[in-house]
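Residue-level listing of the chains:
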Amino acid sequence: MKKTLTLVIVILLLLLSAPLAEASWDGGHVVMGTSQGKTSWYFAEGCTRAGYNTYLCIYNPGASTLSPSISYFFEDGTVQGRNTTVDPYSRTTVYVNEAFYGEHDVGCRVTCSSPVVVERSVYFDSNGRTGGHVAMGVGQTQQTWYFAEGCTQPGFDEWVCLLNPSDTTVTEDIQYMSETGEVASERISIASNKRFTRNVRSFIGDNKNISVKIVGVTTNDKVVAERPMYFNYQGKWDGGHNAVGTNTLSLDWYFGEGCTRSGFDTWLTIQNPNSEPAAVEVTYRLASGQNVEKKYPMLATSRKTVSVASDVGSGQDVSIWVRSNVAVAAERSVYFFYRDKWDGGSDSFGATTPQTTWLFAEGCSRGGFETWLTIQNPNNLAVDATVVFSKQGGGQVQKIVPVAANSRVTIDSNLAVGPDCDFSTIITSALGLVVERPMYFDYAGKGPNLPPPPTPTPTQGPFVGSKNSNVYHWPSCSAAQNILPQNLRYFANAQEAVNAGYHPCAICNPPLP
């Protein structure tokens, strides 16, 4: 007995003295693709505070090397610029935490002379809720934004993030729409180059399922809008998801992804912001080729929550088509325990129309990351999808995927592209398809080790100039504010600006080297 007790004590001491394993941030995220590249991309959300690692993924689908410019918007209204390069048919990854020093909530704008595709990923430990979320950016500010999903039930924290990248103050009305048609509203102002963050619970209270509409008071009051949510879902799965708002209501919404297998709970949230009721019909396309039809009446200025498993049963992979007699907004949320090892949740707006081209900037087959494509074919004819994976650092992989009529298929991107790759993807077809990209991961929870911050000097920037002049400015200079985003050029210090042939502005008087 004494020997057994001694052995137990020794084992306990060894366990206590062993180094603790690094905490991982496991979860998943999903994004609907974009049908085309753009020369400007905006994001309202981003965070470099302790417990948050933020990345930009920039995909160059063209044949020439590109040099995108990145503007970071901080809480105090200051703007910092950085430059990067992207090889042809490739992607680059920017670790935002490393782009500047300090802990910040940050929005950003990426501009380029030729079209690119940009996504932003955030991996986090939010008060013990670990995971990651992703967003495809938007090409411009808008006066109106909609969000179908929103929740202040126990375990859920919802935020609304608005970025004003203009040089004037904007005024916005935020409307919160309940399941029973009541609307609560607030009016806020956002100064130039600043971000506004609203803890939704602090305004509407607990135990609410809501949709959100954001509208500028005048046609000049335009912002970018995102909605991050962090959760402990039903006390069993924790994480977070995020959505960029939509500025378009539609009679039709398509989703390529949906799952009611064990460990997956899928929900539809539908927003009717109109002053009249809506008659909504939902068609579920199962992997077997079977279709399931459901109808949902909606009150004016309300939201509807639909359990997909209640409609189609368990054990299904499903794509979804939502249609209505009046234009609505629709999102799909999935909460999961993926492969019985990674828990979390994801959220996405649908596509309003099928497209013959879909592009994605993000994709990863490194250890701990699993990337998929889900393709919905809403047509009455079968079609082949051509999938091309472009690796960071060079190299492409092509795959031809047949998609039967009125069905969906799932592609294992890791298997197609091979291990240990960061990659982007383009999907083309002769008929319109709907394509999403789910990713599941065990993120190590640590970004690259940052060097110590540099000692400031009077000649440090960043400074900005125009590609069409030879003058450099402080970013806050009135002349700098008039430079078009696509013409901006950034300099880390005065010496870099002078070496490029620029001289100081006579208005803001930046220093010489």
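Residues numbered from 1 in each chain as written. Predicted model: local features only at pLDDT ≥ 70, side-chain atom pairs only at ≥ 80, totals over all residues. Heavy atoms only, no water.

**Quick word on the pairing of strand β14 (residues 210–216)**
Right, so step 1: Burial analysis of β14 places seven of its seven residues in the buried class, which makes it a mostly covered element.
Right, so step 2: Inspection of the sheet shows strand β9 (residues 144–147) paired to β14 by four bridges, in the antiparallel sense. Bridge pairing links Trp145 to Ile214 in β14.
Right, so step 3: Where strand β11 (residues 170–178) and β14 come together, seven bridges link them in antiparallel fashion. The residue of β14 that forms the bridge with Tyr176 is Val212. (Buried < 20%, exposed > 50% of the residue type's maximum accessible area, 1.4 Å probe, protein only. Helix = DSSP H or I, 4+ residues; strand = E, 2+ residues; numbered from the N terminus. Pairing = 2+ DSSP bridges.)

**Details of the pattern of salt bridges**
Oppositely charged side chains can form a pair if their charged atoms are brought close together.
Right, so step 1: Taken as a whole and judged by the stated rule, the model has 23 salt bridges.
Right, so step 2: Its salt-bridge partner being Arg195, residue Glu45 comes within 2.6 Å of it at the nearest N-O pair. Taken together, the positions of Glu45 in the loop between β2 (38–43) and β3 (52–60) and Arg195 in strand β13 (residues 194–199) put the pair 150 residues apart, joining distant regions of the chain. Summarising the burial analysis for this pair, Glu45 and Arg195 share the class buried.
Right, so step 3: Of the charged contacts, one joins Arg49 and Glu75 as a salt bridge, the two residues approaching to 3.3 Å between their closest N and O atoms. You can see Arg49 sitting in the loop between β2 and β3 and its partner Glu75 sitting in the loop between β4 (69–73) and β5 (79–83), a full 26 residues away along the chain.
Right, so step 4: Classification of Arg49 by relative accessible area gives partly exposed; the value is 32%.
Right, so step 5: Three or more residues are tied together by salt bridges with common partners; here these are Arg129, Asp157, Arg201 and Asp206. (Salt bridge = Lys/Arg side-chain N within 4 Å of Asp/Glu carboxyl O.)

Geometric values such as these leave the question of function open.
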